[in-house]
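Here is what each chain is made of, one letter per residue.
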Amino acid sequence: MDAVDQLLFGYRDGHQLIAASRPLSSRQQRDVLPHLDASFDQADAQQLVGIGIPSLDGYLLGRIWPAPERPRAGAVWAHALLLSAEQLVSIRLAGLLGSLRRPLDEQFDHYNSALPLPQGFEYTAAPPLLERALAWAVRSADISPQIVLWDNPDEAEGTLVALLDASPSADRLTLSFRTRERARPNSPYRIQVAAAVAGPPGEGREFVIDPRDPPHESRPQTSAA
Amino acid sequence: MRFMLLGEQATGKSSLLVALYGALVNRRAGDLRIVRTVDDVEFLSRGLLAFGRQESLRRTEVDSNAALLVELARGEQIVTVDIPDRSGELLKHMLDTRVWDPDLLAQISLASGALLFLRADELAPLEDEETQAEPNGHMPTDETQPTSQPHVAEEEWSPALMPADARAVDLLQSMLGQRSHPLPLAIIISAWDRVKALISPPPSPSEWMAENVTLLDQYLTSNGERLPHAVFGVSAQGGDFSAGLPGDMLGEDPWDRSFVVGPHGERDTLASPILWLLDATT
C-alpha cells in the first residue's frame, strides 16, 4: 500500500514495454498500449492520461513525451503508475503527478521497482476559466464524453487529478481523461482537454466545451463535436 | 472497397499511403483519378509535406484512426477505396501473443483485399549492418540497448523470435482460418530503391521474393487459389533521406521521386498495387 507499481513504454523495435515493476500478461499489455502511445506535433509537448483498466483491476495514470532522441521518427516515452482499486480511493492522488518522469540517458533501472508513495503533494491550479470548465465536465449529470478546448492542455493536469481525487470513491475508476494536442472523436476517454478537435465536424459523439470565450454567467455552452 | 494494410512496424505502410495520395492528387496514377476525398486527409497532406522536406514520416501511434478514404475514377467506373492505416505495433503484438486484435479480426471477413508489407533490407540484408537503415531513413534498432528488461514471460522461445517471413506465413494462415473466400493480396516489398541500387541488374520483385522470402513464396504458391497475389517493389520516398537522395532527385516533387516496380520488373505508378487489387476483386 505504501508503493505504487509503474510501467515504462518506449520505442525499441516497436513501441513496447521497456521496464516495469510488476509482470503484465499479454492481454494486459494490449489493454494499456493504446493509452500509452501518442503522436506529437510539438517537440516540447506532453500528454497526461488517466483511465481504469479492467484487466488490471486498477487505474492507469501516465504521462507521454516525444522521444526525438530515439531511432524512429515519432517515437515516444510513456511512464505510468498502476494504482490498485484500493489505492485509487485511499491515497492523495495529487502528489503522484510529480512522480511521472521521462527517462534520461537510457537509465531504466528506476522503473523496475515499485515507487514509494510521495509524501505530501502540491497542486498547480489551472487558470480559473479552464478549472471551471473541467469541473463542469467532471460533475455534469450527462456522462457523455466531453472535449474541453484549451490552447495549452498541460495546464489542465493538476486540476484533472485533483478532480479525480475529489470524486466519490465509486466514480473514480470510471473517470477517464486525456490531455492532447488534438482531441479525437469517439475516443475512450470521458474528458479530453485539447487545443483543437481532429476530424470533420459532427463526426464524434462528444460535447465540446470552449472556455476560451469570455466568461459565462452560467454553465459554459456546449455543442456537438 | 476496403483494403487492409498488413505489416509490422516500420514496413512502409503509411509511407505508401502518403505517396499514393500524392500520386493521385498530382495525376501520377495512370488511369486512376481521384474524384473526391471522403475522410480527413490531414495526415496525408502532412506526410507529403514531410516527404517534400526529405523527412521520413513519423510512426503511426497505436490508437490512430487514420485512413485513406477516397472516391476514385477508372474510366467510367467510380469506386470508393477505404484503406485504414493501423499501427504496425498492433500486428506485431498480435503475432507475438497469438491473440487476435479485435479490430483486425473484424476486418478480415469484410476486406476486399489486402496489402502485405515486408522490408527488403530486413529480409535480405543488403549491406553492412552498421549502415543499414529503415525505409524511413532511420537506423532499425537502438544504438544503445536498454540496461534493464521488463518483466515478461520467461519463455526461451516465443513467436517474437520468428523471422519475418515465418511471421507473415503465420499471419496469413491465421487469416485464412477466419475467412472462407479468397483474399487478393498485393505483396509490397518496401525500400525497393535499396534493392535497385545494390543489386545489378536488379531482380524483379517476384524473383527477389522467390530468392529471399522462400517460405512465404512457397506458401503463396501453394495457396494461390485462396490467396491470389502479386508482388510489387515500392520506394515511397524514392531513396534514403538519411543517406541523401541522388542528385537527379533533389529537385523532384515527392510524387515524382516515388516509384513502384511491378511483379515482372516493369516500372509502374504508385496506383498499380491498388489497380491490381481492384482487378482481382472483380
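Preceding this section is the structure that the text describes.
Note that the coordinates shown come from a computational prediction; the quantities given were computed from them, not determined experimentally.

Parameters and conventions
Residues numbered from 1 in each chain as written. Chains lettered and ligands numbered in written order. Predicted model: local features only at pLDDT ≥ 70, side-chain atom pairs only at ≥ 80, totals over all residues. Core = buried A, V, L, I, M, F, W, Y, C linked by C-beta atoms within 7 Å. Buried ≥ 20, exposed ≤ 12 C-beta atoms within 10 Å, placed from the backbone. Helix = DSSP H or I, 4+ residues; strand = E, 2+ residues; numbered from the N terminus. Domains from an automatic or database assignment. Contact = placed C-beta atoms within 7 Å. Pairing = 2+ DSSP bridges. Axes fitted to C-alpha atoms, helices over the stretch in contact; angles between N-to-C directions.

Colleague: Sorry if this is basic, but what is going on with the nonpolar core here?
Modeller: Side chains that are nonpolar tend, in soluble globular proteins, to be buried together. Leu134(A), Val148(A), Leu20(B), Leu116(B), Ile187(B), Ile188(B) and Ile189(B) are the most contacted members of the largest nonpolar core, which has 138 residues in total. Take this core: its biggest share by element is eight residues, from helix α1 (residues 13-25) of chain B. Formed jointly, this core draws a minimum of three residues from each of two domains, domain 1 (3-116) and domain 2 (128-224) of chain A. The contact partners of Leu116(B), leaving out residues within four places of it in the chain, are Leu6(B), Gly7(B), Ala168(B), Leu185(B), Ile187(B) and Ile188(B).

Colleague: When you look at the sheet that holds strand β1 (residues 3-6) of chain B in this model, what are you seeing that I'm missing?
Modeller: Adjacent strands of a sheet form backbone hydrogen bonds with each other and so pair up, either parallel or antiparallel. Residue and element names in this part refer to chain B. Ordered by their spatial adjacency, six strands build an open sheet running β1-β5-β6-β7-β8-β9, and the pairing between neighbours is mixed. Bordering the open sheet on either side are β1 and β9 (267-268), each of which pairs with just one other strand. In this structure, strand β5 (residues 113-119) lies alongside strand β6 (residues 185-190), joined through six bridges in parallel fashion. Looking at β6, one finds that Phe117 is bridged to Ile188. Across the sheet, helix α8 (residues 205-212) touches β6, β7 (229-235) and β8 (259-261), and the angle it forms with β7 is around 100°.

Colleague: Just to check I follow, could you spell out unusual backbone geometry for this structure?
Modeller: With glycine set apart, most residues show a phi of negative sign, and most peptide bonds adopt trans. Between Ser200(B) and Pro201(B) the backbone carries a cis peptide bond, its omega angle lying at -10°. Structurally, Pro201(B) is set in the loop between α7 (192-198) and α8. Positive phi is not limited to glycine here, since Asp57(A) has a value of about 50°. Examined against the element boundaries, Asp57(A) turns out to sit in the loop between β3 (47-53) and β4 (58-66). Of the residues examined, Asp57(A) has 12 C-beta atoms within 10 Å and is grouped as exposed. A positive phi angle, close to 60°, is found at Gln54(B), a residue other than glycine. The residue Gln54(B) is located in the loop between α2 (42-52) and β3 (67-74) in this model. With 19 C-beta atoms counted inside 10 Å, the residue Gln54(B) sits in the partly exposed group.

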